[in-house]
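Architecture and fold: a report
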Amino acid sequence: MTVLSVEQIHTLMGLVVTTEPDQITCDDCFGQIGEFAEYTLAKHDPSESMRVIRRHLEQCPCCKAEYRGLLDALYELQA
Ligand SMILES: [Zn+2]
C-alpha cells in the first residue's frame, strides 16, 4: 500500500480544484446573464468572463432557457 505524503495530497487536491477553471455555478451565471444578453444584443465582443458564461449556457439547459427569455424581452424593449 502506498502512503501519500502531505505534499502529494495537497498537489492532488489542487488538481481537483483546478481541473475545470472555466466552470461556473448557475448562481454565477444568473448574476451575469443580463449583461451577457446585452452584449449579445449589441453584437459586442464577449470579454473573458462572458466566454465563461457562453460555455455555461452551452452546457446548462436551465440557464439557456433563462437567457433566451431575457433576449426575447430585450428585443421587445428595442422594438
Ligand atoms: Zn446553469
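Residues numbered from 1 in each chain as written. Predicted model: local features only at pLDDT ≥ 70, side-chain atom pairs only at ≥ 80, totals over all residues. Heavy atoms only, no water.

Remarks on the overall build of the protein chain
A tally of regular secondary structure across the protein chain gives four helices and zero strands. For the protein chain, the succession of helices and strands along the chain, N to C, is α-α-α-α. Within the span of the protein chain, comprising 79 residues, buried residues form 20% of the whole. When contacts within the protein chain are restricted to residue pairs at least 6 apart in sequence, those whose partners lie at least 24 apart make up 69%. (Helix = DSSP H or I, 4+ residues; strand = E, 2+ residues; numbered from the N terminus. Buried < 20%, exposed > 50% of the residue type's maximum accessible area, 1.4 Å probe, protein only. Contact = heavy atoms within 4.5 Å.)

Looking at the packing of helix α2 (residues 26-41) against helix α4 (residues 61-78)
Orientation of α2 relative to α4, taken along the N-to-C sense of each, is 35°, at an axis distance of 9 Å. Read as a crossing pair, α2 and α4 show a hand that is right-handed. Mapping the contact onto sequence places Cys26, Cys29, Phe30, Ile33, Gly34, Phe36, Ala37, Glu38, Thr40 and Leu41 in α2 and Cys63, Glu66, Tyr67, Leu70, Leu71, Leu74, Tyr75 and Gln78 in α4. Split by residue class, the contact of α2 with α4 holds 13 nonpolar, three polar and two charged. (Axes fitted to C-alpha atoms, helices over the stretch in contact; angles between N-to-C directions. Left-handed = near helix turned anticlockwise from the far one by under 90°. Nonpolar A, V, L, I, M, F, W, Y, C, P; charged D, E, K, R; others polar.)

Describing the coordination of the zinc ion
The zinc ion binds to the protein through Cys26 (SG), His56 (NE2), Cys60 (SG) and Cys63 (SG); the donor distances cover 2.1 to 2.3 Å. Metal-centred angles of 103 to 113° between the four donor atoms at the zinc ion mark the site as tetrahedral. Sequence positions of the donors to the zinc ion reduce to the motif C-x29-H-x3-C-x2-C. Note on Cys60: relative accessible area 12%, which makes it buried. (Donors = N, O, S within 2.8 Å, 3.2 Å for Na, K, Ca; no water. Tetrahedral: all angles 85-135°; square planar, octahedral: opposite > 155°, others 65-115°.)

Re the packing of α2 against helix α3 (residues 48-59)
Across the interface, α2 lies against α3 with an axial gap of 9 Å and an inter-helix angle of 110°. As far as their axial angle goes, α3 and α2 are roughly perpendicular. For the pair formed by α2 and α3, the contact residues are Cys26, Asp28, Cys29, Gln32, Ile33, Glu35, Phe36 and Tyr39 on the first element and Ser49, Met50, Ile53, Arg54, His56 and Leu57 on the second. Class assignment of the residues belonging to the contact of α2 with α3 gives a composition of eight nonpolar, three polar and three charged. (Parallel < 35°, antiparallel > 145°, perpendicular 65-115°, else oblique.)

Section: the nonpolar core
Counting residues in hydrophobic clusters, the biggest one holds 15 residues, and the most contacted among them are Cys29, Phe36, Ile53, Leu57 and Tyr67. Listing elements by their share of this core, those giving two or more residues are α2, α3 and α4. Here the element with the most residues in this core is α2; it accounts for five residues. Dropping the residues within four chain positions of it, Leu57 is found in contact with Cys29, Ile33, Phe36, Cys63, Lys64 and Tyr67. (Core = buried A, V, L, I, M, F, W, Y, C linked by side-chain atoms within 4.5 Å.)

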